[in-house]
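As a plain string of letters, each chain reads:
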Amino acid sequence: MRVFGLSKHPYTPAFTTIRLSVLCAGCPKSFGSFVFPAKTCITGGNPVYFLYNNYAEVPAMRLFDVLGPVMTGPSSSHTAGAVRIGSTARRLLGEQPAEAEILLYGSFAATGRGHGTDRALVAGLLGMQPDDDRIPHSFALAKEAGLHFKISTANLRGAHPNTAMLRLVGVSGRKLEVVGSSIGGGRINICQIDGITTNFGGDHNTLIVHNQDTPGHVAAVTTCLSGHGVNIATMQLYRSAAGGYAVMVLECDEPIPDEIAGELRILPGIVKVTILNL
């Protein structure tokens, strides 16, 4: 049995009806992707999708995009996504946080308390995952762990409605500022690291390198990964200004060996190296 969904065509401003169908094996036309009965996919006289024998071809949808994540609720966006933002920030910091300033924006600020967003973010900072039963008790557990935090709101212009800024200080004094958004279904996007724009969700083995914007660093990082047999799936480069502070984010197919961090940290101009393996 397969689950099928209707997604909006990028060149069509709207569609008449959203359909979600469950079709058994033996569907007449799939063309390598999920299909659904296309009786209402006409808007303004133009077909929303290519039609094949009254069936429409749509991009494949993962089952968990429909069902949502396994989690401690109540909300996949306000609770599960918030836990993931907190846990990803902790991993980016590279150590247990001792202090945290949590700034909520938009819907996180308006309805976050009722959805447990504040407790979820703290739970993530403590290293919990979205299905952890201890999430509702994260404030008390933070006190036991020595994590001092304060929660307030902020106006993050242009940010996604479900966004939080986390300013962290680790037990060794290391500092980090992360802006993360919960984009639905428990998925997140890390939008900024230390004021530098980024765009990744922590869904892949990820290498994050902070460096001075000087020639040779991209080549050094990619050569190092290649030498360890790690294939790069995506690569993103960000910088504050020419010759200034830069961040590169590399999502990889294979787990990233810890030795890579040590090899890169000794290179001139490399400020920080973080590995996030699944």
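See above for the structure.
Being a predicted model, the structure only gives us computed values, none of them experimental.

Colleague: Can you walk me through the pairing of strand 15 (residues 232–239) in this structure?
Modeller: Put simply, side chains in a regular strand alternate between the two faces of the sheet. As paired elements, strand 15 and strand 16 (residues 245–252) share seven bridges and run antiparallel to each other. When the sheet's bridge partners are listed, Gln236 is paired in strand 16 with Val249. The antiparallel hairpin formed by strand 15 and strand 16 contains five residues in its connecting segment, where Gly243 sits at a positive phi of about 80°.

Colleague: How do you make sense of the packing of helix 6 (residues 217–227) against helix 7 (residues 258–265) when you look at a structure like this?
Modeller: Running from N to C, helix 6 and helix 7 point in directions that differ by 150°, and their axes come no closer than 10 Å. Classified by the interaxial angle, the pair formed by helix 6 and helix 7 is roughly antiparallel. As for how helix 6 packs across helix 7, the hand of that crossing is right-handed. Contacts between helix 6 and helix 7 pair Ala220, Val221, Cys224 and Leu225 from the former with Ile260, Glu263 and Leu264 from the latter. Residues that form the contact of helix 6 with helix 7 fall into these classes: six nonpolar, no polar and one charged.

Colleague: It is not clear to me how unusual backbone geometry should be interpreted in this structure. Could you clarify?
Modeller: In this structure, Asp194 is a non-glycine residue whose phi angle is positive, near 50°. Tracing the backbone shows Asp194 in the loop between strand 12 (187–193) and strand 13 (196–200). Assessed through its relative accessible area of 30%, Asp194 is described here as partly exposed.

Colleague: I would appreciate a short explanation of a nonpolar patch on the surface in the present structure.
Modeller: On the surface, a cluster of nonpolar side chains totalling about 240 Å² of accessible area is made up of Val218, Met235 and Leu237. Counting through the fold element by element, Val218 comes out in helix 6.

Colleague: Just checking my understanding: could you explain the environment of Asn199 for this structure?
Modeller: Residue position: Asn199 is located in strand 13. Assessed through its relative accessible area of 44%, Asn199 is described here as partly exposed. For the pair Asn199 and Leu237, spaced 38 residues apart in sequence, the C-alpha to C-alpha distance is 9.9 Å. Discounting residues that sit within four places of it in the chain, Asn199 has contacts with Asn189, Ile190, Gln236 and Tyr238. Side-chain polar atoms of Asn199 contact the side chain of Asn189, separated by 3.5 Å.

Colleague: How should the side chain of Glu95 be read in this particular structure?
Modeller: Turning to its location among the elements, Glu95 is positioned in the loop between helix 2 (76–93) and strand 8 (97–106). At 2.9 Å, the side chain of Glu95 and the backbone nitrogen of Val171 are in polar contact. There is a polar contact of 2.7 Å between the side chain of Glu95 and the side chain of Ser172. In this view, Glu95 contacts Arg90, Gly170, Val171, Ser172, Gly173 and Arg174; residues no more than four positions away in its chain are not counted.

Colleague: Which parts of the structure should I look at to understand the nonpolar core?
Modeller: Taken as a class, soluble globular proteins show a tendency for nonpolar side chains to be buried jointly. The biggest cluster of nonpolar side chains holds 34 residues, and the ones touching the most others in it are Leu92, Leu121, Leu125, Leu166, Phe200 and Ile208. Breaking this core down by element, the ones donating at least two residues are helix 2, strand 8, helix 4 (117–125), strand 10 (162–170), strand 11 (175–184), strand 12, strand 13 and strand 16. Sorting elements by how many residues they give to this core places helix 2 first, with six residues.

Colleague: Help me out: how do you make sense of the environment of Asp213 in this one?
Modeller: Structurally, Asp213 can be placed in the loop between strand 14 (205–212) and helix 6. When the C-alpha positions of Asp213 and Ser240 are compared, they lie 8.8 Å apart, and in sequence the two are 27 residues distant. Apart from residues no more than four positions distant in its own chain, Asp213 is found in contact with Arg239, Ala241, Ala242, Gly243, Gly244 and Ala246.

Conventions used here
- Residues numbered from 1 in each chain as written.
- Predicted model: local features only at pLDDT ≥ 70, side-chain atom pairs only at ≥ 80, totals over all residues.
- Heavy atoms only, no water.
- Pairing = 2+ DSSP bridges.
- Helix = DSSP H or I, 4+ residues; strand = E, 2+ residues; numbered from the N terminus.
- Axes fitted to C-alpha atoms, helices over the stretch in contact; angles between N-to-C directions.
- Parallel < 35°, antiparallel > 145°, perpendicular 65-115°, else oblique.
- Left-handed = near helix turned anticlockwise from the far one by under 90°.
- Contact = heavy atoms within 4.5 Å.
- Nonpolar A, V, L, I, M, F, W, Y, C, P; charged D, E, K, R; others polar.
- Buried < 20%, exposed > 50% of the residue type's maximum accessible area, 1.4 Å probe, protein only.
- Patch = residues over 30% accessible without salt bridge, like charges linked within 9 Å, V, L, I, M, F, W, Y side chains within 5 Å.
- Areas by Shrake-Rupley, 256 points an atom, 1.4 Å probe, with all protein chains shown as cover.
- Salt bridge = Lys/Arg side-chain N within 4 Å of Asp/Glu carboxyl O.
- Polar contact = N/O pair within 3.5 Å; in protein donor to acceptor, adjacent residues only side chain to side chain.
- Core = buried A, V, L, I, M, F, W, Y, C linked by side-chain atoms within 4.5 Å.

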